[in-house]
Amino acid sequence: MPSESKIQRLIIELTKATVEKQVEWDFDVPPSSLADGNYSISEYFQAEYKGQWIGLFERKGRAFDADREVYYWVASIILVFVGEGGRILFEYDRESSALNNLYRVVKESASDIDNILDTLLQ
Amino acid sequence: MDLENSSKLMSWLSLSGNVASLVSLIISFAVLRQTRAIRKAFIFRGRLPEFISALTRLSASLLMNYEVKGDTSGDLKKLNAVLRNLERKVESSERKAVKQLIRQSGRMPHPMVFWRRRDNVTFTPEEVWAVYSGTEALIVTLRELKKDLKWS
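As the structure is a computational prediction, the values presented were derived from the model and not from experiment.

Basis of the calculations
- Positions within a chain are numbered from 1, following the residues in the order the chain's sequence is written.
- To label them, take the chains in the order written and letter them from A, then take the ligands in the order written and number them from 1.
- Only residues with pLDDT of 70 or above have their local features reported here, since the model is predicted, and side-chain atom pairs are shown and tallied only from 80 upward, although totals for entire chains, interfaces and linings are computed over all residues.
- No hydrogens and no water enter the side-chain calculation; it runs on all heavy atoms of the structure.
- A run of H or I in DSSP counts as a helix once it spans at least four residues, and a run of E counts as a strand once it spans at least two, with each numbered from the N terminus.
- Classification of residues uses two cut-offs on accessible area relative to the type maximum, computed with a 1.4 Å probe and protein chains only: under 20% is buried, over 50% is exposed, and between them is partly exposed.
- None of His or the chain ends enter the tally, which takes Lys and Arg as positive and Asp and Glu as negative.
- By definition, a salt bridge exists where a carboxyl oxygen of Asp or Glu is found within 4 Å of a side-chain nitrogen of Lys or Arg.
- When checking whether two residues touch, look at their non-hydrogen atoms; a contact exists if any pair is within 4.5 Å.
- By nonpolar core we mean a set of buried residues, namely Ala, Val, Leu, Ile, Met, Phe, Trp, Tyr and Cys, connected to one another through side-chain atoms within 4.5 Å.
- For two strands to count as paired, DSSP must find a minimum of two bridges between them.

Peer 1: Is there a simple way to explain the side chain of glutamate 94 of chain B in this structure?
Peer 2: Residues and elements named next belong to chain B. Here glutamate 94 lies in helix H3 (residues 92–105). Look at glutamate 94: it is buried, it has no salt bridge, and the nearest opposite charge is arginine 95 at 8.1 Å. With residues up to four places along the chain from it excluded, the contact list for glutamate 94 reads Thr141 and Leu145.

What follows is the structure, given as structure tokens:
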């Protein structure tokens, strides 16, 4: 398990590279190994950074609270390293504000929202 | 002879009374110090979730304004104010990181290089990224601290 500080550093680096348009994210089909009947992946983004494929997505699903005996919705942002044939080499799913910020920046970058707005306002 | 004995007894009693007063004064100070430490820890524990949420909000706003407007001065000022408040409440192990972030976000030189004042200069992108990175690292530290405090 890599150290928390290394992952945080990578997340900040990816955020910076995305904002400065040094890395290009695209909507993609999530690797089949990420499929899980209990959760759904609404949008999956993938980019190549320094020769490594990196995936980023939001996983939504229902979880059961045994104490109160109720189902509730959960959503979390997940960062994965993708290897040959869509194999997941590493998955980071801890709650992190840096990861939430990266997800927002990536979503805007992949959808090219600036370009859409410029076209609409012409 | 009796008078001499009673005079000796009186001086012993007086001395032991003085010593007892001194000891109780020391104990009073120790108790006062402990009470202040407990109060500080209690306030910090109570306000920790508030600090985490304020830093999370400001960090997201800093990034968004940097991206959209390129102007982060408003966010940096707010961040600096939150950090100054936090500085007085954190333990010495976290205080160093908070102090460094205060210097970075408030554009203050290190105390040892006080002659290098650079007021009224806009923040470079590298400086903004350093503040953003430091804030996110501090959020992680405070979150871990919050988890530890549940068990103490």
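Peer 1: So what exactly am I meant to see when it comes to the nonpolar core here?
Peer 2: The nonpolar side chains of a soluble globular protein tend to be buried, and buried together. Counting residues in hydrophobic clusters, the biggest one holds 52 residues, and the most contacted among them are Trp25, Leu56 and Leu79 of chain A together with Leu55, Leu83, Leu86 and Leu142 of chain B. Counting residues per element, this core draws most heavily on helix H1 (residues 2–68) of chain B, which supplies 10 residues. Contact partners of tryptophan 25 of chain A, with chain neighbours within four places excluded, come to Leu14, Thr18, Phe45, Gln46, Ala47, Ile54, Leu56, Val106, Ser109 and Ala110 of chain A. In this structure, Phe57, Ile78, Val80 and Val82 of chain A belong to the second largest nonpolar core, which totals 6 residues.

Peer 1: What is the right way to read the pairing of strand S4 (residues 70–82) of chain A from this model?
Peer 2: A regular strand carries its side chains on alternate faces of the sheet. Residues and elements named next belong to chain A. By the bridge criterion, 13 bridges tie strand S3 (residues 52–65) to S4 in an arrangement that is antiparallel. Following the sheet pairing, glutamate 58 is matched in S4 by isoleucine 77. Between S3 and S4, which follow one another and run antiparallel, lie 4 residues, and glutamate 69 among them has a positive phi close to 55°. As paired strands, S4 and strand S5 (residues 88–92) are joined by 4 bridges and run antiparallel to one another. When the bridges of S5 are listed, phenylalanine 81 appears paired with phenylalanine 90.

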